[in-house]
Amino acid sequence: MSRKFLVPGTIFLLIAFVLSFLASISVPTLHAIDIVRINSNIPDGIKTDLPIAKDTRLGIWGFCQTDLNDDEHCSHTGHGYNFPLLNLAGNIAVIGSSWTRGLAVHPVATAAIFAAFCLSFSSHVTALLAAMITSILAAFLTLLAFIIDIALYAYVHHQAKKISDGADNALDVDTAPGFWLSFVSLLFTLFAGCTVFVGRRKAADSSPSYPMMTNPSGFFSRFRKN
């Protein structure tokens, strides 16, 4: 009966691991998977001497920018990088490293999910207990990573709004695929934790180490009702 719950838990953990792994690679290695995306809303044909990018993608290990000639440039800065926001009016705001350093929680959460995934294959009660605890830890770390993503998005949005002095110079800040991969991974990790917990309870109830009710035997058993 426990396998009925453990198999879905293992599948949930596998999906959560794949999604979290992709989010952990992130920009600049995977250009399409960023956490926060910034659009400068610059019309085609605009010329300026300012180092403004039409499109900026912030990731865990760096960022990628598309210039006015539609050429993409990526910076492999590592986690905890500074990033300047600039608009056509020359207004600037700096996203400090304190807001990007916490993104490194993503690979830590991915490692925890993978550990829970490996432990979920065992049907032994002790291993299932470890899988349940590891799943809870993985869910907490994934939640923490997602909260850091939200904080980064909110701060970048606030800074972009602060330097925007008009509709033509406004910067659009949006959540990106890596942000939503983390959210979905969090959901699957929570689902997995619940199913592994139930599966562990079922396995414990059926374990030989627990006393079971047996039919009475011996001389007095012949007097019981059938």
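Computed from a predicted model, the values in this text were never measured in an experiment.

A cis amide bond links Val27 to the next residue, Pro28, at an omega of 10°. Along the chain, Pro28 turns up in the loop between α1 (3-25) and β1 (36-39). At Ser26, a residue that is not glycine, the phi angle is positive and equals roughly 60°. Locating Ser26 in the fold gives a position in the loop between α1 and β1. The exposure class assigned to Ser26 is buried, which follows from its relative accessible area of 0%. Backbone geometry places Asp70, a non-glycine residue, at a positive phi of 65°. Within the fold, Asp70 resides in the loop between β3 (63-66) and β4 (72-75).

A few words now on the packing of helix α2 (residues 105-119) against helix α3 (residues 125-163). The contact between α2 and α3 brings their axes to 8 Å, and the two run at 160°. By the angle class used here, α2 and α3 are roughly antiparallel. By crossing handedness, the relation of α2 to α3 is classed as left-handed. Contact residues: Val105, His106, Val108, Ala109, Ala112, Ile113, Ala115, Ala116 and Leu119 in α2; Ala127, Ala130, Ala131, Thr134, Ser135, Ala138, Leu141, Thr142, Leu144, Ala145, Ile148 and Asp149 in α3.

In total, this model carries one disulfide according to the counting rule given. A disulfide bridge connects Cys64 with Cys74, and the sulfur atoms are separated by 2.0 Å. Because the sign of the S-S torsion sets the handedness, a value of about 105° for the bond joining Cys64 and Cys74 places this disulfide among the right-handed ones. Here the residue Cys64 occupies a position in strand β3, and Cys74 occupies one in strand β4, the gap between them amounting to ten residues.

Take the sheet that holds β1 next. Overall, antiparallel pairing links the five strands, which are arranged β4-β3-β2-β1-β7 in an open sheet. Sheet topology places β4 and β7 (172-175) at the edges, where each strand pairs with a single neighbour. The mean angle between the axes of side-by-side strands here comes to 15°, regardless of whether they run parallel or antiparallel. For β3 and β4, the ladder comprises four bridges, and the chain directions are antiparallel. Within β4, the position partnered with Cys64 by the bridge is Cys74. Across the sheet, α3 is in contact with β1, β2 (55-58) and β7; its angle to β7 comes to roughly 170°.

Within the chain, residue pLDDT values average 82, and 80% of them lie at 70 or more. Averaged pLDDT values over the elements of the chain bottom out at 82 in helix α4 (residues 177-205) and peak at 94 in α2. Note that pLDDT drops below 50 for residues 209-223; the model gives that stretch four contacts with residues more than four away or on any other chain.

Moving on to the pairing of strand β6 (residues 92-95). Of the two faces of β6, only the one carrying Ala93 and Ile95 is buried; Ile92 and Val94 on the other face are not. As judged from the four bridges shared by strand β5 (residues 83-86) and β6, these two strands associate in the antiparallel manner. Residue pairing for β6: Phe83 is matched across the bridge by Ile95. Between β5 and β6, which pair antiparallel in sequence order, lie five residues; one of them, Gly90, sits at a positive phi of approximately 90°.

Following the UniProt record, one finds the feature "transmembrane region" (unreviewed entry) at residues 103-121, 128-156 and 176-198. In residues 128-156, the share of helix is 100% and the share of strand is 0%. The end C-alpha atoms are 42 Å apart. Note that residues 176-198 is 96% helix and 0% strand, and that its end C-alpha atoms are spaced 34 Å apart.

The rules behind the values
Numbering of residues starts from 1 in every chain and runs along the sequence as written. The predicted nature of this model means local features are confined to residues of pLDDT at least 70 and side-chain atom pairs, given and counted, to a pLDDT of 80 or more, with totals for whole chains, interfaces and linings taken over all residues. In computing side-chain values, all of the structure's heavy atoms are included and hydrogens and water are not. The way it works is that DSSP assigns letters per residue, a run of H or I at least four long becomes a helix, a run of E at least two long becomes a strand, and they are numbered from the N terminus. Under the scheme applied here, a residue whose accessible area is under 20% of the maximum for its type counts as buried, over 50% as exposed, and between as partly exposed, the area being computed with a 1.4 Å probe on protein chains only. Axis definition: a line fitted to C-alpha atoms, over the contacting stretch in the case of helices. Angles run 0 to 180 degrees between N-to-C directions. Just so you know how the angles are binned, under 35 degrees is roughly parallel, over 145 roughly antiparallel, 65 to 115 roughly perpendicular, and the rest oblique. Should the near helix be turned anticlockwise from the far one by less than a right angle, the crossing is left-handed, and should it be turned clockwise, the crossing is right-handed. We call two residues in contact when some of their heavy atoms are within 4.5 Å. The disulfide criterion is simple: two cysteine sulfur atoms within 2.5 Å. Here a strand pair is declared whenever DSSP counts at least two bridges between the two strands. Think of pLDDT as the predictor's per-residue confidence, scored from 0 to 100. UniProt positions are given in the numbering used here, feature names are shortened, and annotations may be inferred rather than shown by experiment.

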